[in-house]
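Each chain is listed here by its residues.
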Amino acid sequence: MMKRFTAFVLIFSLALCCVACTPKNVTPKKPAAFYYCSTEVPYDGKSSGITAEMRESEAYGDDMIPLLNEYLEGPAGENLQSPFPAHVRIASFNPSATTVTVVLSREFSQLSGLDLILACACLSRTVFDLM
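All figures in this text were calculated on a predicted structure; none of them were measured in a lab.

Asks: Is there a simple way to think about the packing of helix H2 (residues 64-72) against helix H3 (residues 113-130) in this case?
Replies: The relative placement of two packed helices comes down to the angle between their axes together with the axis-to-axis distance. At their nearest, the axes of H2 and H3 sit 12 Å apart, and the two run at 140° to each other. In terms of axis orientation, H2 runs oblique to H3. Where H2 crosses over H3, the two elements pack in a sense that is right-handed. Residue-level inspection shows Met 64, Leu 67, Leu 68 and Tyr 71 of H2 in contact with H3, the latter providing Cys 122, Leu 123, Thr 126, Val 127 and Leu 130. Here the contact of H2 with H3 is composed, by residue class, of eight nonpolar, one polar and no charged.

If you want it as structure tokens, here you go:
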């Protein structure tokens, strides 16, 4: 009888531990799509190597520079990677009726070729979605 009770308590404790460790699916109040490169390149022809990561942007209000600087810090997900060099920051951000001008810090000039194209594509998609 005591062995059964002990087994029941251990199983119940294990079940509680498993439930407590599951991540909560928190729905953002003001979602922002941050686009990054996928770590695994799909070869199915149906999906791209650029994937969105949803983040909360409510704390930033309409201030785009701090929000974009958070974006430049990199993804939170494990299956994504930032196409930007370390320490890249937003130097200026100027939206108008028909265009958006984003000037990045000097570190961005380290990129060239395909790396530059991927970084520009990720940044463009992020800015377009935010605007």
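Read on, since the account is not over.
Asks: Explanation requested: the nonpolar core in the structure shown.
Replies: Nonpolar side chains in soluble globular proteins tend to be buried together. Within the largest apolar cluster, 24 residues are counted, with the highest numbers of intra-cluster contacts made by Tyr 71, Leu 72, Phe 84, Leu 104 and Phe 108. Elements that contribute at least two residues to this core include exactly strand E1 (31-38), H2, strand E4 (90-95) and H3. Looking at this core, the element that brings in the most residues is E1, giving six residues. The residues touching Leu 104, leaving out its near neighbours within four places in the chain, are Leu 72, Val 88, Arg 89, Ile 90, Ala 91 and Leu 123.

Asks: I'm lost on H3 in this one. Help?
Replies: Each α-helix winds once per 3.6 residues, and so residues spaced three or four apart point in a common direction. The terminal C-alpha atoms of H3 lie 26 Å apart, and with 18 residues this matches the ideal 26 Å at 1.5 Å per residue to within 8%. Residues of H3 that are buried include every one of Ala 119, Cys 122, Leu 123, Thr 126 and Val 127, and no others. Buried residues along H3 cover an arc of 125° about the axis, so they all sit on one side. Of the exposed residues in H3, those oriented more than 90 degrees away from the buried face are Leu 114, Ile 117 and Phe 128. Those residues of H3 that are buried are in contact with E1, strand E2 (50-56), H2, E4 and strand E5 (100-104).

Asks: Sorry if this is basic, but what is going on with the pattern of salt bridges here?
Replies: A side chain with one charge may pair with a side chain of the opposite charge, provided their charged atoms come close. Inspection of the entire model under this criterion finds four salt bridges. In this structure, Glu 53 engages Arg 55 in a salt bridge whose closest nitrogen and oxygen atoms are separated by 2.9 Å. On the basis of relative accessible area, Arg 55 is assigned to the buried category, the value being 13%. Note that Glu 70 and Arg 55 form a salt bridge whose closest N and O atoms lie 3.1 Å from each other. One end of the pair, Glu 70, is in helix H2; the other, Arg 55, is in strand E2, with 15 residues separating them in the sequence. Each member of the pair, Glu 70 as well as Arg 55, is classed as buried. Through salt bridges that share partners, Glu 53, Arg 55 and Glu 70 make up one connected network.

Criteria and thresholds
Residues numbered from 1 in each chain as written. Predicted model: local features only at pLDDT ≥ 70, side-chain atom pairs only at ≥ 80, totals over all residues. Heavy atoms only, no water. Axes fitted to C-alpha atoms, helices over the stretch in contact; angles between N-to-C directions. Helix = DSSP H or I, 4+ residues; strand = E, 2+ residues; numbered from the N terminus. Parallel < 35°, antiparallel > 145°, perpendicular 65-115°, else oblique. Left-handed = near helix turned anticlockwise from the far one by under 90°. Contact = heavy atoms within 4.5 Å. Nonpolar A, V, L, I, M, F, W, Y, C, P; charged D, E, K, R; others polar. Core = buried A, V, L, I, M, F, W, Y, C linked by side-chain atoms within 4.5 Å. Buried < 20%, exposed > 50% of the residue type's maximum accessible area, 1.4 Å probe, protein only. Expected span 1.5 Å × (residues − 1). Arc of directions from axis to C-beta. Salt bridge = Lys/Arg side-chain N within 4 Å of Asp/Glu carboxyl O.

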